[in-house]
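Descriptive analysis of the structure
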Amino acid sequence: MYMAITPPDGLDAFIRALPKTETHLHLEGALPYDELLRPMAPSDYPAEPAFRRRSYRYPTFPEFEQTLLRHALPWFTSAERYYEAARVIFAGHVSQNVRYVETSFHLHVTEFIHVPGTEIVDAIRSAAPPGLEVRVFAGMLRSAYDGPLRETIDSLERWDGLAGVDLHGFEQMPTQPWSFRVWERLRKAGKVTKCHAGEFDGPARVREAVQQLGVRRVQHGVRAVEDPAVVRLAAEEGVTFDTCPLSNVGLGVFPDIASHPLRALMQAGVNCTVSTDDPLCFANTLCEEYAALALQGGFTRAELAQVARNGWRVADVPADERRRRLSEIDRIAGA
């Protein structure tokens, strides 16, 4: 059955006290299972599905992707449904003292439900409660430009309220030439560009993302550890890896948290954040991510505080708020 990662009271209080960021979150993959999906159709969605058990391992990435889509798409049929899901998701963040969120929505859903992406962006942003800063990204597959989304992609630079874009999906697909041109154009328009790399493919894809796509925000990036030269490149170029440890374990990228390279990457000078990725599929919370690092990865409180700092270093907030949050973390950590 699903087992929460429950730290001792003192550690739990410490983790919750840290002002945290969530910088790698797929909105559809964060659909609240118990609060929204099960009540919609209880006979279709059991209380404890096998894929949400802590011990579950997805056999392949395509099977994970199908599980996600099979459960998420029935809910996301309108901008109003995006608003309702985001409202519940963000309330969960506030309860964990998460104060800044970067979340992406799957641009391809706009094809299925015939809702303009700008309406989805507005719905997600309007669900943010007081005290939580939310930035919305458009996520798309590496093949997105070859289909009916081309015109939409070419308009993204003009979308008010869109923080940036993220290239995701099955990583072993080659990165197509359109991506380099479009990503450069969007950066010039002031949008933040991200790319999934170094999860199901090796460090060469991280190098490609940094040197060819020009991104400074790599989603995952963890397999860069297999090539010290790529780790040095990331550190020297000021690249952030937005890592998701429990997701990496659930997908079999690493066998357990103790084997995860987060500490090694941080010690090598890479700015690494920690997020939940797809809580619908992993039944994880951000506080559990921190707790797993402590209880299964041996992270000290000082290291957990550093993870929290790393998120605020890249958060799109005014400089005075960044200083205030970093000072708050220092006070809590006794630095």
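Just above, that's the structure.
Our subject in this report is the structure included herewith.

Criteria and cut-off values
Residues numbered from 1 in each chain as written. Predicted model: local features only at pLDDT ≥ 70, side-chain atom pairs only at ≥ 80, totals over all residues. Heavy atoms only, no water. Helix = DSSP H or I, 4+ residues; strand = E, 2+ residues; numbered from the N terminus. Rg over C-alpha atoms; globule rule 2.2 N^0.38 Å. Buried < 20%, exposed > 50% of the residue type's maximum accessible area, 1.4 Å probe, protein only. Areas by Shrake-Rupley, 256 points an atom, 1.4 Å probe, with all protein chains shown as cover. Lys, Arg positive; Asp, Glu negative; His and termini not counted. Charge placed at Lys NZ, Arg CZ, Asp CG, Glu CD. Arc of directions from axis to C-beta. Contact = heavy atoms within 4.5 Å. Salt bridge = Lys/Arg side-chain N within 4 Å of Asp/Glu carboxyl O.

Looking now at the overall build of the protein. Summing up its helical and strand segments, the protein has 16 helices and 8 strands in all. The C-alpha atoms of the protein give a radius of gyration of 19 Å, which matches the 20 Å a tight globule of 335 residues would have. The dimensions of the protein, computed from C-alpha atoms along their principal axes, are 50 × 50 × 40 Å. Among the 335 residues that make up the protein, the fraction classed as buried is 57%. Only carbon and sulfur atoms are counted for the fraction: they give 51% of the accessible area of the protein, which is about 13300 Å². Of the charged side chains in the protein, 37 are positive and 44 negative; the average position of the first set lies 4 Å away from that of the second.

This brings us to helix H6 (residues 117-126). Taken as a whole, H6 has its buried residues at Gly117, Ile120, Val121, Ala123 and Ile124. Taken around the axis of H6, the buried residues stretch over an arc of 165°, which confines them to a single face. Considering only its buried residues, H6 is in contact with helix H4 (79-95), strand S2 (98-106), helix H5 (109-113), strand S3 (133-141) and strand S4 (162-168).

Under the definition given, this model contains 19 salt bridges. Taking the shortest distance from any N to any O, the salt bridge between Glu288 and Arg54 comes out at 3.4 Å. Taken together, the residues Glu288 in helix H14 (residues 286-295) and Arg54 in the loop between helix H2 (33-40) and helix H3 (61-72) connect sequence positions 234 residues apart. Take Glu288: its relative accessible area is 6%, and that puts it in the buried class. Of the charged contacts, one joins Asp242 and Arg217 as a salt bridge, the two residues approaching to 3.0 Å between their closest N and O atoms. Of the two residues, Asp242 is situated in strand S7 (residues 240-243) and Arg217 in strand S6 (residues 217-220); the sequence distance between them amounts to 25 residues. For Asp242, a relative accessible area of 0% translates into the label buried. Of the residues examined, Arg217 reaches a relative accessible area of 7% and is grouped as buried.

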